[in-house]
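Notes for the structure review
Below are the chains, spelled out letter by letter.
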Amino acid sequence: MFGVDSKIQIIRDFLPITNPHFNGDENACGYIIWKLYNRVCEAIKSFVALLDNSRYYDAFVIAGHALENCAMLSYMKDNDTEAKQLEKYNKYLAGAAVGRLLAILDMDKSNLANEHAWNAYVAVLKIFYPVEASIIKDNKNAIEKHEAIMKVINFRGGLNTEKSETIRNSYRRPILENYITSFSKNFGNIDDGEFSRYYMKYCDLKHGNMLSPGALAGDIDDETIDCFVDLILGIVVYLDKSKLNPIKTSVK
């Protein structure tokens, strides 16, 4: 049984895999997987720096950030076939695009009369169009439904609220809790549900619930510190055992 100092030393000694050189011709799924891996590794570095300076609340939050990104990494990476990996990537990308579309529509009060808002909306639609059928709620005849929905949202006129309502009613975005559950499964369930429980605590603190244990400055106890050290240690073990495929260039 490792003590907390030994666990922290293992985390401190973690050496990320060197990222491949990206030239712009890479397979998009592989590129995103490597970028998520890099984001998790950067979070681990930040975690150690915060812990060294007794910034326990911030270390707790960055540990949750590392968990979110590691779960998304595992969701896409840990699949039996390239086809399944691509399916998961498409859902991830479609969910991210839905979020951006809704953000643009909700923030723009001009109903896309503003040129910058319209250009941003069109740019995200181009990303969304090839993958949106992967998250459509009613997936019977998904392609046909997808084309019909595009005719409703792919135009400049009308109210943003109407487009937002159509998008919200038509698509089911992957939720982070599902990524966490999938990560636990892909990791052999050795966390015994701790990933999900930690994520609930993290969300509670991140969203400013002052009644949550540890929310007040200096109120995080040794047991809680040990909890999030265990989380990062688990992520480090996962990354050490993970095999990332070399980047493939896109077929021309």
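Treat the numbers as computed from the prediction; the structure is a model and nothing was measured.

1. Things to note about the environment of Lys-7
Within the secondary structure, Lys-7 is located in helix H1 (residues 4-12). Spatially, the C-alpha atom of Lys-7 lies 7.5 Å from that of Asp-230, the residues being 223 residues apart in sequence.

2. Section: the packing of helix H3 (residues 56-77) against helix H9 (residues 194-206)
With their axes 9 Å apart at the nearest point, H3 and H9 run at an angle of 125° to one another. As summarised for this structure, H3 and H9 are arranged oblique, according to the angle between their axes. The hand of the H3/H9 crossing is left-handed. Contacts between H3 and H9 involve Tyr-57, Phe-60, Val-61, Ala-63, Gly-64, His-65, Leu-67 and Glu-68 from the first element and Phe-195, Tyr-198, Tyr-199, Lys-201, Tyr-202, Leu-205 and Lys-206 from the second. Class assignment for the residues of the contact of H3 with H9 results in 10 nonpolar, 2 polar and 3 charged.

3. Details of the packing of H1 against helix H10 (residues 222-241)
Between H1 and H10, whose axes approach to 9 Å, the crossing angle comes to 35°. For the pair H1 and H10, the crossing hand works out as left-handed. Facing Val-4, Lys-7, Ile-8, Ile-10 and Ile-11 of H1, the residues of H10 in contact are Asp-226, Val-229, Asp-230, Ile-232, Leu-233 and Val-236. When the residues that make up the contact of H1 with H10 are grouped by side-chain class, the tally is 8 nonpolar, no polar and 3 charged.

Definitions and limits used
- Residues numbered from 1 in each chain as written.
- Predicted model: local features only at pLDDT ≥ 70, side-chain atom pairs only at ≥ 80, totals over all residues.
- Heavy atoms only, no water.
- Helix = DSSP H or I, 4+ residues; strand = E, 2+ residues; numbered from the N terminus.
- Axes fitted to C-alpha atoms, helices over the stretch in contact; angles between N-to-C directions.
- Parallel < 35°, antiparallel > 145°, perpendicular 65-115°, else oblique.
- Left-handed = near helix turned anticlockwise from the far one by under 90°.
- Contact = heavy atoms within 4.5 Å.
- Nonpolar A, V, L, I, M, F, W, Y, C, P; charged D, E, K, R; others polar.

In short, geometric facts, not functional conclusions.
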